[in-house]
Structures are given as C-alpha cells and as structure tokens.
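Listed here are the chains, written in short residue letters.
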Amino acid sequence: MAVVTGANRGIGREVVRRLAAEGWLAVLGARDPDRGAAAAEELGGARAGVVACALDVASDASVAAAAEWVQTELGRCDALVNNAAIDYDTDARATTADLARVRRAMETNLFGAWRTARAFLPLLRRSRHPRLVNVSSGSGSISTMGAGTPAYSVSKAALNALTRILAAELRADRVLVNAVCPGWVATDMGGAGGRPVGEGAASVVWAVLLDDDGPTGGFFRDGRPVEW
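What comes next is a walk through the structure. Keep in mind it's a predicted model, so treat the numbers as computed, not measured.

Locating glycine 198 in the fold gives a position in helix α7 (residues 197–208). Note on glycine 198: relative accessible area 18%, which makes it buried. Glycine 198 sits 72 residues away from arginine 126 along the chain, and the two C-alpha atoms are 30 Å apart. For glycine 198, the contacting residues outside a window of four places in its chain are Glu14 and Arg18.

Within strand β5 (residues 131–135), five of the five residues are buried, which leaves the element mostly enclosed by the surrounding structure. Residues Arg131, Val133 and Val135 line one face of β5 and the alternating positions Leu132 and Asn134 line the opposite face, and both faces are buried. Pairing analysis gives four bridges linking strand β4 (residues 79–82) to β5, with the strands arranged parallel. Within β5, the position partnered with leucine 80 by the bridge is leucine 132. Bridge count for β5 against strand β6 (residues 176–180) is five bridges, and the pairing is parallel. Across the sheet, the residue bridging to asparagine 134 is alanine 179, located in β6. A crossover connection joins β5 to the parallel β6 through helix α6 (residues 150–170); in handedness this β-α-β unit is right-handed.

With that out of the way, let us pick up the pattern of salt bridges. Opposite charge on two side chains makes pairing possible when the charged atoms of those side chains draw close. Enumeration over the complete set of coordinates arrives at twelve salt bridges. Arginine 17 is the partner of glutamate 14 in a salt bridge, and the nearest nitrogen-oxygen pair spans 2.8 Å. Placement of both glutamate 14 and arginine 17 in helix α1 (residues 10–21) is noted, with a separation of three residues, approximately one turn of the helix. Arginine 115 is paired through a salt bridge with aspartate 60; the nearest N and O atoms lie 2.6 Å apart.

Reading the values: the criteria
Residues numbered from 1 in each chain as written. Predicted model: local features only at pLDDT ≥ 70, side-chain atom pairs only at ≥ 80, totals over all residues. Heavy atoms only, no water. Helix = DSSP H or I, 4+ residues; strand = E, 2+ residues; numbered from the N terminus. Buried < 20%, exposed > 50% of the residue type's maximum accessible area, 1.4 Å probe, protein only. Contact = heavy atoms within 4.5 Å. Pairing = 2+ DSSP bridges. Right-handed = clockwise from strand over helix to strand, strands pointing away. Salt bridge = Lys/Arg side-chain N within 4 Å of Asp/Glu carboxyl O.

The following block contains the structure:
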C-alpha cells in the first residue's frame, strides 16, 4: 500500500494510477478533499485500488489525521511518495526574493515532506518492504544550479539533504529512501513543453518498486543517478 501526497493532478495522480495498475492500493492524498475524491473516482475508485485521503502537508493536524486514518482504516503503509510541492518561481531572483514567499515554499516542499515522513514512519517501519520517495528536481542539484527559481531550488536542495540524512538513519530499519527528479514535465507547475506526465511519473514509480537490495540515499532520474 502506498500513500502519495499532492496527488489529485499531475505527476502525483499518474503515480497513483500506475501503482494501482501494478496491483497496489494507492492512497491519493490531496489538500482539497473534494478534488481528491473526484480524482480518485476518475481513476476508478476503490474498485481500481485508489482511495482518497485529505492530506495537506503544510498542516501538522492534517498530516497527523491522515496518518491516523491510514493506520485505522488500512492498517499499513509500504511506501510514502512525498510529491506535494509549490511555487516554481521562475519570476524571482535570490537578490530580490520575497522571503515570505520563500518560507511558504519551504513549508510545503521541505517541511511538508519532513513532517509527513515522520508521521508515517511507524507504519513504514512495520512494512516488510518499506520505501520513502521524495520527489525532487534537477533545480535542487547544487552541481548544476544557476540563477533563478530561488525558493524552489533552495527548497529542493534542502529536500535532497533530508533524503540523505533519512536514508542513513533508516538504513537499519530497511527503509529505502531516495530522491527522484521526474524531469521537466508538462504539468500545471512545469508549464507546456516538458516531457509527458507519464514519463516523469515512471521515474518516481521506479523508486517505489525497487528490490530490497536496491539503492538508498540516492538521487535519480529515469533510474539513473543525478548529480547532487
């Protein structure tokens, strides 16, 4: 069973669809419960292995409630996909950035993933094949980072650092923790001209379906390492 955040549209929605097609029960986490329920139903609903759950990663209360619901109603979580993210701030520069805007991006893109991982760790630790996948971006690669998108790039670089730390701390618990860059994907956030959503989602699903002897603490795109 997998929980996917930010999953009522775009990459998250396609990850849910693909996992359900692989025979997984996929929890479609969405900040807006109505949109989440509608997306789950469009994907076939419970009969197709998709159930919706209200999950706002920027809210401690919402994340705790979602983890409790999964524990009570489903009893397990084998994979957590931290996909929710906001503000690809192409209009901004670090030299003039609105720091309140940067803080909002960090609250979702970094702290949202962090609090959600912590909330679901008790369930992941009980799984026989636990996976934690942080959907990152090449924008967070310090090796290739340049000007622009300061909020998004800094938040994703921090998410990559969190990935490395969690992988080391959870190695003894057999939790494979990896960051995945889906590439530039044609979504509401990415805009037109990117690769198809299915290609980006496939990169994320690859990390969920890793064998137990697969990598941990890595940064990947299409199953191949990306420079940190």
